[in-house]
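Spelled out from the first residue to the last, the chains are:
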Amino acid sequence: MKPIRNAYALLSPAIVWLTLFLVVPVALITVISFSTDGGYGLIIYEFSLDAYIQAFDPFYLQIIWQSVVWAFVSTVICLVVGYPFAYFIAHSGKWKNILLILVMIPFWSNLLIRLYAWVILLNNEGVINQFLLSIGLISEPITMLYTPFSIVVGMVYGFLPFMILPIYASIEQLDRRYLEAAEDLGAGPVSTFLRVTLPITMPGVIAGVFMTFIPAVSVFVITDLLTGNRLVMIGNVIRDAFVVEMNWQLGSALSILLMALVLLSVLIFTRFTSSRSKKATR
């Protein structure tokens, strides 16, 4: 019994933290989503489904869908770019610490400042267009800002470290004896990667995908700065429902639907990757 009490004592700070800042807010949002809108932010605690009926309007469903698509594309790009880079860092020898510091440097500055830099790079008179014009690759500026392309660029730039670091941790812990055994058994580099390296490092991939997709699907500051609010994601709609429209019921209902969608995506991805890993290791 004493080890169990010690374990609970060690876990108690985390449990208190999660209860106060996760469980309680989600419970409050759930209650508000089923309440009645009294106008101007007034909450009438009478059961109502009006907020969910409004949330299932095709307008909001379209925004949710495009948010999921943009977040999915950004996550895939982060995975395609992040896995080789994490693998390179794990096998870079004396350069390992320097490369890790370079990956974490973006965390040392504010995201808004870094996004403003992308505004300068991507606009029609920006560095990228001027460079392409100067070398004659294009005859007129390419519209990159205020487009879905700029949103994906901003999300990949902002969330790429969240993909690299957990994958690097998994590759770093990979026992090279498995790779040597696969080589001794005649497996080529591609087969070794698909049947040994990737399944073993899959926990890092899953963690990186979650840490990238979940904030990407609900982000709003990137669309504000890189599209001038001309294109919106579900995060922008939820923020405006709370702050601008003062419709707490709609904002809460959309938040609950978004959380349910993210949880469903997590379950599907986890089930898919676990089944693929089992097949690969057989």
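Calculation notes
- Residues numbered from 1 in each chain as written.
- Predicted model: local features only at pLDDT ≥ 70, side-chain atom pairs only at ≥ 80, totals over all residues.
- Heavy atoms only, no water.
- Salt bridge = Lys/Arg side-chain N within 4 Å of Asp/Glu carboxyl O.
- Helix = DSSP H or I, 4+ residues; strand = E, 2+ residues; numbered from the N terminus.
- Buried < 20%, exposed > 50% of the residue type's maximum accessible area, 1.4 Å probe, protein only.
- UniProt positions renumbered as here; feature names shortened; annotations may be inferred.
- Core = buried A, V, L, I, M, F, W, Y, C linked by side-chain atoms within 4.5 Å.
- Contact = heavy atoms within 4.5 Å.
- Phe/Tyr/Trp six-rings, centres within 6.5 Å; stacked < 30°, edge-to-face > 60°.
- Patch = residues over 30% accessible without salt bridge, like charges linked within 9 Å, V, L, I, M, F, W, Y side chains within 5 Å.
- Areas by Shrake-Rupley, 256 points an atom, 1.4 Å probe, with all protein chains shown as cover.
- Expected span 1.5 Å × (residues − 1).
- Arc of directions from axis to C-beta.
- Polar contact = N/O pair within 3.5 Å; in protein donor to acceptor, adjacent residues only side chain to side chain.

Asker: Explanation requested: the pattern of salt bridges in the structure shown.
Answerer: It is possible for side chains bearing opposite charge to pair when their charged atoms get close. The final tally for this structure, using the stated rule, is four salt bridges. For E172, the salt bridge goes to K96, with nearest N and O atoms at 3.1 Å. Of this pair, E172 sits in helix α7 (residues 148-172) while K96 sits in helix α4 (residues 96-104), placing them 76 residues apart in sequence. Its relative accessible area of 38% is what places E172 among the partly exposed residues. When its relative accessible area of 16% is taken as the criterion, K96 is described as buried. A salt bridge links R177 to D175; the shortest N-O distance between them is 2.7 Å. For R177, a relative accessible area of 61% gives the class exposed. Shared partners join several salt bridges into a network, and the residues in it are D224, R239 and D240.

Asker: Looking at this structure, I do not really get the UniProt feature "transmembrane region" (unreviewed entry) in the protein chain. What am I missing?
Answerer: As annotated in UniProt, the feature "transmembrane region" (unreviewed entry) corresponds to residues 7-32, 63-86, 98-122, 142-169, 205-226 and 246-269 in the numbering used here. Span residues 63-86 is 100% helix and 0% strand, its end C-alpha atoms 33 Å apart. From the first C-alpha to the last, residues 246-269 spans 35 Å; its make-up is 92% helix and 0% strand.

Asker: How should the nonpolar core be read in this particular structure?
Answerer: Soluble, globular proteins show a tendency: their nonpolar side chains are buried together. Counting residues in hydrophobic clusters, the biggest one holds 38 residues, and the most contacted among them are M155, V217, I222, L226, I234 and L254. When residues of this core are traced back to their parent elements, those giving at least two are α2 (50-55), α3 (58-90), α5 (111-122), α7, α10 (202-218), α11 (221-227), α12 (234-243) and α13 (248-280). Examining the composition of this core, we find that eight residues originate from one element, α13, more than from any other. When neighbours within four sequence positions are excluded, M155 is seen to be in contact with W70, A71, S74, L160, A216, V219, I222 and M233. Within the second largest apolar cluster, 20 residues are counted, among which are I89, L100, V152 and I206.

Asker: Is there a simple way to explain the packing of aromatic side chains in this structure?
Answerer: Aromatic ring pairs are defined here through the distance separating the ring centres and the angle between the ring planes. Under the definition given, this model contains nine aromatic pairs. Judged by centre distance (5.5 Å) and plane angle (90 degrees), the ring pair of Y83 and F193 falls under edge-to-face. One end of the pair, Y83, is in helix α3; the other, F193, is in helix α9 (residues 189-200), with 110 residues separating them in the sequence. Under the relative-accessibility criterion, Y83 is labelled buried at 7%.

Asker: What's the story with a nonpolar patch on the surface in this structure? I'm lost.
Answerer: Taken together, the side chains of W65, V69, F72, V73, V76, I77, V80 and V81 make up a nonpolar region of the molecular surface, amounting to roughly 690 Å² of accessible area. Within the secondary structure, W65 is located in helix α3.

Asker: I'm lost on the environment of I128 in this one. Help?
Answerer: By secondary structure assignment, the location of I128 is in helix α6 (residues 127-134). Through-space distance from the C-alpha of I128 to that of I142 is 9.2 Å; in sequence the pair is 14 residues apart. When near neighbours in sequence (up to four residues on either side) are disregarded, I128 contacts L121, L122 and M144.

Asker: Even after reading the chapter, I still don't get unusual backbone geometry, so can you show me in this structure?
Answerer: Working note: non-glycine residues mostly have negative phi, and peptide bonds are mostly trans. Notably, Y40 is not glycine yet its phi reads approximately 55 degrees, a positive angle. Along the chain, Y40 falls in the loop between β1 (36-37) and β2 (43-44).

Asker: For this particular structure, what's the right way to read the UniProt feature "domain: ABC transmembrane type-1" (unreviewed entry) in the protein chain?
Answerer: The UniProt record annotates "domain: ABC transmembrane type-1" (unreviewed entry) at residues 64-269. Along residues 64-269, the helical share is 77% and the strand share 0%, with 19 Å between the first and last C-alpha atoms.

Asker: What should I look at first to understand α5 in this one?
Answerer: Every α-helical turn comprises 3.6 residues, leaving residues that sit three or four positions apart pointing alike. Counted at 1.5 Å a residue, the expected span for α5 with its 12 residues is 16 Å, and the 16 Å between its end C-alpha atoms agrees. Taken together, the buried positions of α5 are R114, L115, W118, V119 and L122. Each buried residue of α5 sits inside an arc of 160 degrees when the element is viewed along its axis, so together they form one side. In α5, those exposed residues whose orientation departs by more than 90 degrees from the buried face are I113, Y116 and I120. On its buried side, α5 packs onto α6, α7 and α11. Put simply, N110 is the residue that caps the front of α5, since its side-chain oxygen is 2.7 Å from the backbone nitrogen of L112.

Asker: For this particular structure, what's the right way to read the environment of A71?
Answerer: Topologically, A71 is positioned in helix α3. The exposure class of A71 is buried, given its relative accessible area of 0%. For the pair A71 and T147, spaced 76 residues apart in sequence, the C-alpha to C-alpha distance is 14 Å. In contact with A71, other than residues within four places in its own chain, are M155, F213, A216 and V217.

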